[in-house]
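Breakdown of the fold
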Amino acid sequence: MYSDDFKQQLPDIDPSETQDWIDSFDQLLDQEGAERARFVAYKLLKRARQRDVGLPPLTQTRYINTISPEQEPAFPGDEAIERRIRRLVRWNAAAMVLRANNAFPGIGGHLSTYASSASLYEVGFNHFFRGKDEDAGDQVFYQGHAAPGMYARAFLEGRLGEDQLDHFRREVVPGRGLSSYPHPRLMPGFWEFPTVSMGLGPISAIYQARFNRYLWHRGLRDTSASRVWAFLGDGEMDEPESLSALGMAGRERLDNLTFIVNCNLQRLDGPVRGNGKVIQELEGIFRGAGWNVIKVIWGREWDELLARDTDGALVTKMNETVDGEFQKYSVAGGAYIREHFFGPDPRLAALVEHLSDDDLTRLRRGGHDYRKLYAAYRAATEFRGGPTVILAKTIKGWTLGPGVEGRNVTHQAKKLSEAEMIVFRDRLELPIPDAKIKDAPYFHPGPDSEEVQYLLERRRALGGCLPKRIVRAHALPPPAPEADLEFAAGSTAAVSTTMVFAKLLRNLMRDPGFGRRVVPIIPDEARTFGMDPLFREVGIYASQGQRYEPVDSDLILSYREAKDGQVLEEGINEAGSMASFQAAGTSYATHGEPMIPFYIFYSMFGFQRTGDQAWAFADARGRGFMMGATAGRTTLNGEGLQHEDGHSHLLASTVPAIRAYDPAFAYELAVIVRDGIERMYGRGEDHLYYVTLYNENHPMPPKPDGSDEGIIRGLYRFLAAPEIDGGAKGRVRLVGSGAILQQALAARELLAERFGVAAEVYSATSWQLLRRDALEAERWNRLHPTDEPRVPFVSQVLGGEGGPVVLVSDWVKALPDLLGRWLPAGYVSLGTEGFGRSDTREALRGLFEIDAPNVVVAALAALQREGAVPASLVAEAIAGFGIDPDKLDPLDL
Ligand SMILES: Cc1ncc(C[n+]2csc(CCOP(=O)(O)OP(=O)(O)O)c2C)c(N)n1
Ligand SMILES: [Mg+2]
């Protein structure tokens, strides 16, 4: 980090000394030319950086290693054994993919990603990554497509057997197979962090590192020894999520974080930057964001050439050669390299005169030079004041032979011919007989072999084998009853469920045992949701405290940032908030420290905007509450098309681990949150809660006796049908959820008073859970034909008797329609398909046909279909309410 003191702008205190320096530089330039002058200027800048002089960073340096050979530390391991271990891992990683595809053509898998990054991982495993046997250790985010390498290593360690390797990508039998990529949901004892959806690894890793600090600064756990490592692809860096949080990591000075970008210059289809230089581009971006950048571009064979490059011709050539060319050199052979790279400049041709064409082929890239990598990792772990990125140049498919290495098709390669395998085996110097080679047999040198003993000793010294996921967290006692007692009593004052939630959250945070574990996460909407009192009460987490007097310091509820602040105020950043949510929601496993995140956000910008992260959260076995506020297509009325959410529940319902709720009343919300806490933190169930909150005020009724089970399972009868003087003309059941339950209640009155129809009202707290339960019952019945059939909960509550069913909510009709086949025939769903727009709530509810009059019309029309009332009565109602039968259909816009 450069210092923010700007002394260099002060008047020159010694102009003649300054002039001496300038004259020397001019002389150098005039006498020795621009290349030499540039070289010396770079050297001086580098020196200044190393001596911490505090200059603004130069965003791009020359295309050579950041660490010069003379700065490399001594390598502490046994390079020869470690090479042999690496070869064993390489072989087995490839073997498992080849065997899988031989046995099951098309099952897939990747050879070339790990092949390019084996050294990057091995140096970490043998010297840096801290295991989890004693404490949390380090958190390593493995590149998804490199997974076979991690399995192959676990095989050498004796943690996985041949049978498991042979079930790579065949996971249907639980516990036997290996996931294609890191999936904690499927391998909960092995993987910790899902990474394969490109871009989610980098952003998650950054927020993980920041969350480690948060736990530490808040005094919950000393995480100072944990380092977050993230292995990423150079192609992956094009994802917006990959780069979007770099600035935060720089700003927060996360020196507990190391990125390793495997710069093999290729992605799936071809070069990442054929016409440019991805390493240079990334260097500029990372440096600009305040990161320490370590480039590992060239292997040790280049050191001697660079040392003799006194006129800078070689460095200039390196600087000028584009990645597409470098890729070509990786496959074209020594003669081509001599002709095209060194040949055009006689100085360069002379530089490599003493080398044969084979020697030129063997000029390795830095990411395949173990010692250079060791130096980079050491420097990264020793650097203070900011995160480090290691940009390691590699060849995709390295060691896999000429058909695969560096080719544009390499990412897709899943097979090697027998001849190719023989070349591969010879390169790895493994004693596998030719006759067996076509079966791609695994090769284990035995548990007592020098290699396995060495590898295990290294892991013991570093705290145990990785990857490993361990859940050490103990069950949490529930919050005290006082936290939510008040909501059961109800209130005559009109309030919104958002206001209720803000109160509930504050109560939970005040709970003596429980409160400090609550992590409120807010993307710049606290004031919208009435949660700004938290700023004063528990503070906003700020690693540097508050270095200014807030503008509102004279107010009781002033803005307060603090090093031990509890609120994660993430700014306008839903993706970052989701990454924080994952770090907090997996803390029970990562750190053995259960934390309870409540991520509150504009519901429209949740599943729609960051749905992939919700999916990853569920994969990671995260536990926590997503609170979708300002919910409902018509309840959030003035904000218009891009804000008004009528479908997030439908999107949420696709996440298998979810429990999605749409409460209408304060007591429902309290019951749901308490039950969620009990399930996730008491019983240890891995759920993601989605709870929607509205901003419409209405009185909150007291909790009806015996309603808890229905609230939790998704449906209960809230109000019985009223008595109708002279007997009811018909009976109907109105089912509503969220704010729109108020419309069902109003419709009940209208039906009774104006039409003599008796309506019961049900609150559907969870459409999604009702469907889930019904699917389970249906499936059980299908598979157990001779047993007594199970009746879905929704059918138990809404059986055949009681009249037609009308379902209404502020969500699309498709949501209640999820229950269609378990509802009595002729049910009617009302909802908000179509784009939202700005208007009053009344106007919007009229437009979408979910207001009380439209509920009444739907109920009467259903009764008409049953012959209970005449068509004229329905027509009368339509006319009486002033509903235009030919009005605009919101779906048609
Ligand atoms: C969000 C997302 N989009 C697309 C993919 C499909 N995909 C998997 S790997 C890959 C290329 C990866 O290239 P790179 O990041 O350079 O990694 P390498 O294998 O070269 O190390 C792509 C496009 C994905 N996994 N995730
Ligand atoms: Mg790549």
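Numbers given to residues run from 1 along each chain, matching the order in which its sequence is written. All chains are assigned letters beginning with A, and all ligands numbers beginning with 1, in the order in which they are written. Where totals are concerned, whole chains, interfaces and linings use all residues; where local detail is concerned, this predicted model gives features only for residues with pLDDT of at least 70, and gives and counts side-chain atom pairs only at 80 or more. As a rule here, side-chain values cover all heavy atoms of the structure and leave hydrogens and water aside.

1. Let's talk about the site of ligand 1
Close contacts around ligand 1 come from 18 residues, with Thr113, Gln143, Asp234, Gly235 and Lys396 the closest. Throughout this description, a polar contact denotes any pair of N or O atoms lying within 3.5 Å of each other; where both atoms belong to protein, one of them has to be capable of donating a hydrogen while the other can accept it, and for residues adjacent in sequence the pair is counted only when both atoms sit in side chains. In the environment of ligand 1, an oxygen atom lies 2.6 Å from a nitrogen or oxygen atom belonging to the side chain of Thr113. A distance of 2.9 Å separates an oxygen atom of ligand 1 from a polar backbone atom of Gln266. Using the Shrake-Rupley algorithm and a 1.4 Å probe, accessible areas are obtained, with residue cover drawn only from the displayed protein chains. For ligand 1, the accessible surface in isolation is 600 Å², of which the surrounding protein chains cover 75%. In this count, Pro and Cys sit with the nonpolar residues alongside Ala, Val, Leu, Ile, Met, Phe, Trp and Tyr, while Asp, Glu, Lys and Arg are called charged and the others, Gly among them, polar. Of the residues in the shell around ligand 1, the class split is 3 nonpolar, 10 polar and 5 charged. Being near a molecule or strand, for a residue, comes down to having at least one heavy atom within 4 Å of it.

2. Considering the sheet that holds strand β16 (residues 716-719)
For two strands to be treated as a pair, DSSP must find at least two bridges joining them. In this description a helix means any DSSP run of H or I spanning at least four residues, a strand means any run of E spanning at least two, and both kinds are numbered starting from the N terminus. Spatial ordering of the open sheet is given by β16-β18-β17-β19-β20, a layout of 5 strands whose pairing is mixed. Taken across any chain shown, the strands that pair with only one partner, and hence form the sheet edges, are β16 and β20 (828-830). Each strand axis lies, on average, 30 degrees off the axis of its neighbour in the sheet, ignoring direction. The criterion used for residue contact is that any of the two residues' heavy atoms lie within 4.5 Å. In this analysis an axis means a line fitted to C-alpha atoms, helices contributing only their contacting stretch, and an angle means the value between N-to-C directions, from 0 to 180 degrees. Of the strands in this sheet, β16, β17 (730-736), β18 (757-763) and β19 (805-808) touch helix α29 (residues 741-755), which is tilted by about 170 degrees from β18.

3. Describing the packing of helix α12 (residues 313-320) against helix α14 (residues 334-342)
The contact between α12 and α14 brings their axes to 11 Å, and the two run at 95 degrees. With respect to α14, the axis of α12 lies roughly perpendicular. Residues Leu314, Lys317 and Met318 of α12 touch α14, and the partners they reach there are His340, Phe341 and Phe342. Angles are sorted into four bins: roughly parallel if under 35 degrees, roughly antiparallel if over 145, roughly perpendicular if 65 to 115, and oblique for all others.

4. Points about the coordination of the magnesium ion (ligand 2)
Distances define the donors: N, O and S atoms within 2.8 Å of the metal qualify, as do those within 3.2 Å of Na, K or Ca. Water is excluded, so some sites may look unfinished. The protein atoms that coordinate the magnesium ion (ligand 2) are Asp234 (OD), Asn264 (OD1) and Gln266 (O), at distances of 2.0 to 2.2 Å. Along the chain, the residues donating to the magnesium ion (ligand 2) are arranged with the sequence spacing D-x29-N-x1-Q. Here Asn264 lies in the loop between β3 (257-263) and α10 (278-288) and Asp234 lies in the loop between β2 (228-233) and α8 (240-244), a separation of 30 residues in the sequence. Classification of Asp234 by relative accessible area gives buried; the value is 2%. Burial classification: accessible surface area is computed with a 1.4 Å probe over protein chains only, and a residue below 20% of its type maximum counts as buried, one above 50% as exposed, and the rest as partly exposed.

5. Brief notes about the sheet that holds β2
Backbone-to-backbone hydrogen bonds pair the strands of a sheet. The strands run either parallel or antiparallel. Strand order across the open sheet formed by 5 strands is β1-β2-β3-β5-β4, with parallel pairing between neighbours. The strands lining the two open edges of the sheet, one partner per strand, are β1 (139-141) and β4 (292-296). Between one strand axis and the next, the sheet turns through 15 degrees on average, direction left out of account. Sheet analysis places β3 next to strand β5 (residues 388-393), joined by 6 bridges and oriented parallel. The residue of β5 that forms the bridge with Thr258 is Thr388. Together, β1, β2 and β3 form the strand contacts of helix α7 (residues 200-217), whose direction differs from that of β2 by roughly 170 degrees.

6. Things to note about the packing of helix α3 (residues 79-103) against helix α19 (residues 450-461)
Axis separation between α3 and α19 bottoms out at 9 Å; the angle between their running directions is 100 degrees. Classed by the angle they form, the pair α3 and α19 counts as roughly perpendicular. Every residue of α19 that contacts α3 at Ile81, Glu82, Arg84, Ile85 and Leu88 is listed here: Glu450, Glu451, Tyr454 and Leu455. Of the residues assigned to the contact of α3 with α19, the class counts are 5 nonpolar, no polar and 4 charged.

7. Overview of empty space enclosed by the protein
The pocket and cavity definitions rest on a 1 Å grid over protein atoms only: a 1.4 Å probe that fits but cannot leave marks a cavity, an open set with protein on both sides within 12 Å along at least five of seven lines marks a pocket, and residues lining either have an atom within 4 Å of a point. Grid points are joined across faces, edges and corners, and a volume is the space filled by probe spheres set on the points. Summed over all chains, the structure comprises 7 cavities of 30 Å³ or more. For the largest cavity, the calculated volume is near 140 Å³. Along the walls of the largest cavity sit Tyr42, Leu45, Lys46, Arg49, Leu58, Thr61, Arg62, Ile64, Asn65, Thr66 and Arg287, which together make up its complete lining. For the lining of the largest cavity, the element with the most residues is helix α2 (residues 34-50), which contributes 4 residues. Within this model, the second largest cavity holds a volume of roughly 60 Å³. For the second largest cavity, the lining is made up of 13 residues, of which Arg90, Ala93, Ala94, Leu111 and Tyr114 are closest to its centre.

8. Here we look at the side chain of Ser543
Mapped onto the secondary structure, Ser543 falls in the loop between β8 (540-541) and β9 (561-562). Note on Ser543: relative accessible area 15%, which makes it buried. Here the side chain of Ser543 touches Glu252 through a polar contact of 2.8 Å, side chain to side chain. Leave out the neighbours within four places in its chain, and Ser543 touches His217, Glu252 and Lys563.

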